[in-house]
Amino acid sequence: MLTRPPAVPRHVAIIMDGNGRWAARRGLPRSAGHKAGVDALRRAVKAAADFGIEYLTIYSFSSENWSRPAAEVSFLLELLRRFIRQDVAELHHAGVKIKIVGSRDDLEPGIVSLLNDAERLTRGNSKLNLVVAFNYGSKQEISRAVSAIANRLASGEISAADISPELISQNLDTSGIPDPDLLIRTGGEQRISNFLLWQCAYTEFVFVDEFWPDFSHEIFARALDDFNSRDRRFGGIEAQSA
Ligand code: IPE
Ligand code: IPE
Ligand code: MG
């Protein structure tokens, strides 16, 4: 039997969870966990580029995270602002193309322009696509896509028979981005928390117990090994060796 060489997933999505618990274990405020989480994110981006991954999508703030205490929400928004201000030039230099998914309605105009600037500056890059899910909720994203399609239907531009999985995909924030091959969630919880529901139809899930601030090149490599041991059938039958 031929052994296949390990395949690098084209698109890896990460639910960066466990910042608060990482801090609590150390007797620190949750904010310290979020700060350490930014360093882990920098490591993850470098590792993804080293591994030759084409798309890395990270869940940075969910539509539901607004329900946290106001002080924590402000801290997280400030961290995002700082990350974009401090890191975008370096990411640009490293050939990273940034794309933000999620709703920009009702966000502070200052944040919206930072997000737009980051996308504009890096749009010609091709080393790694970094997709940042910010103010993102998958149900909300699907609802916006359905609204956009309904408007085109109402204006007669398309008919009901034109509605297809492809048309729905094209109307999501992730339009043009291949579906994730691998989803990693740190922090030990085994749930999707309103992340990429449509896009993960055939994604492989790897749950790791380590908290996000402890994420490392080694943990990433282990998740890739795990991915490589999976048999992706997509509804068909077991892959045959040629
Ligand atoms: C992930 O860590 C960061 C965000 C959700 C923004 P958490 O803040 O959810 O940390 P835990 O899950 O409470 O430990
Ligand atoms: C998911 O983590 C959101 C992000 C990582 C940004 P949460 O901590 O918000 O998810 P739940 O509440 O445990 O499902
Ligand atoms: Mg959490």
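The structure this text deals with has already been given above.
Here the structure is a predicted model, which is why all the values come from computation and not from measurement.

1. A look at the site of ligand 2
Then, number 1: In the vicinity of ligand 2, the residues found are Ile15, Met16, Asp17, Tyr59, Ser60, Phe61, Asn65, Arg68, Arg185, Arg191 and Ser193.
Then, number 2: A distance of 2.9 Å separates an oxygen atom of ligand 2 from a polar atom in the side chain of asparagine 65.
Then, number 3: Taking arginine 185, its side chain carries an N or O atom lying 3.4 Å from an oxygen atom of ligand 2.
Then, number 4: Look at ligand 2: alone it shows 390 Å² of surface, and the protein chains cover 78% of it.
Then, number 5: It is strand β2 (residues 55-62) that provides the largest number of residues to the shell around ligand 2, a total of three residues.

2. A word on the packing of aromatic side chains
The relation between two aromatic rings is expressed through the spacing of the ring centres and the mutual angle of the planes.
Then, number 1: Counting across every chain of the model gives 10 aromatic pairs.
Then, number 2: Consider the rings of tryptophan 212 and phenylalanine 215, whose centres lie 4.6 Å apart with planes at 25°: the pair is stacked. In this pair, the class of tryptophan 212 matches that of phenylalanine 215, namely buried.
Then, number 3: With 5.4 Å between their ring centres and 55° between their planes, phenylalanine 215 and phenylalanine 220 make a pair best called tilted.
Then, number 4: Here phenylalanine 215 falls in the buried class, since its relative accessible area comes to 1%.
Then, number 5: Here the aromatic cluster, defined as three or more aromatic residues joined through ring pairs, consists of Phe51, Trp212, Phe215 and Phe220.

3. Re the site of ligand 1
Then, number 1: In the vicinity of ligand 1, the contacting residues are Met16, Asp17, Gly18, Asn19, Gly20, Arg21, Arg30, His34, Ser60, Asn65, Arg68 and Leu76.
Then, number 2: Contact distances for ligand 1 include 2.8 Å between an oxygen atom and a side-chain N or O atom of aspartate 17.
Then, number 3: Between ligand 1 and arginine 30, the relevant distance is 2.9 Å, taken from an oxygen atom to a side-chain nitrogen or oxygen of the residue.
Then, number 4: With the chains in place, 87% of the 380 Å² that ligand 1 exposes on its own is no longer accessible.
Then, number 5: Secondary structure elements with two or more residues in the shell around ligand 1: α1 (19-25) and α2 (30-51).

4. Some remarks on the environment of glutamate 78
Then, number 1: Topologically, glutamate 78 is positioned in helix α3 (residues 70-93).
Then, number 2: The sequence separation of glutamate 78 and glutamine 190 amounts to 112 residues, and the corresponding C-alpha distance is 28 Å.
Then, number 3: Side-chain polar atoms of glutamate 78 contact the side chain of arginine 81, separated by 2.5 Å.

5. Describing the pattern of salt bridges
Close approach of charged atoms allows side chains of opposite charge to pair.
Then, number 1: Summed over the entire model, instances satisfying the criterion amount to 22 salt bridges.
Then, number 2: Of the charged contacts, one joins arginine 104 and glutamate 119 as a salt bridge, the two residues approaching to 2.9 Å between their closest N and O atoms. Highlighted residues: arginine 104 in the loop between β3 (96-101) and α4 (109-122) and glutamate 119 in helix α4, separated in sequence by 15 residues.
Then, number 3: Overall, glutamate 119 belongs to the buried group, its relative accessible area being 18%.

Cut-offs applied
- Residues numbered from 1 in each chain as written.
- Chains lettered and ligands numbered in written order.
- Predicted model: local features only at pLDDT ≥ 70, side-chain atom pairs only at ≥ 80, totals over all residues.
- Heavy atoms only, no water.
- Near = heavy atom within 4 Å.
- Polar contact = N/O pair within 3.5 Å; in protein donor to acceptor, adjacent residues only side chain to side chain.
- Areas by Shrake-Rupley, 256 points an atom, 1.4 Å probe, with all protein chains shown as cover.
- Helix = DSSP H or I, 4+ residues; strand = E, 2+ residues; numbered from the N terminus.
- Phe/Tyr/Trp six-rings, centres within 6.5 Å; stacked < 30°, edge-to-face > 60°.
- Buried < 20%, exposed > 50% of the residue type's maximum accessible area, 1.4 Å probe, protein only.
- Salt bridge = Lys/Arg side-chain N within 4 Å of Asp/Glu carboxyl O.

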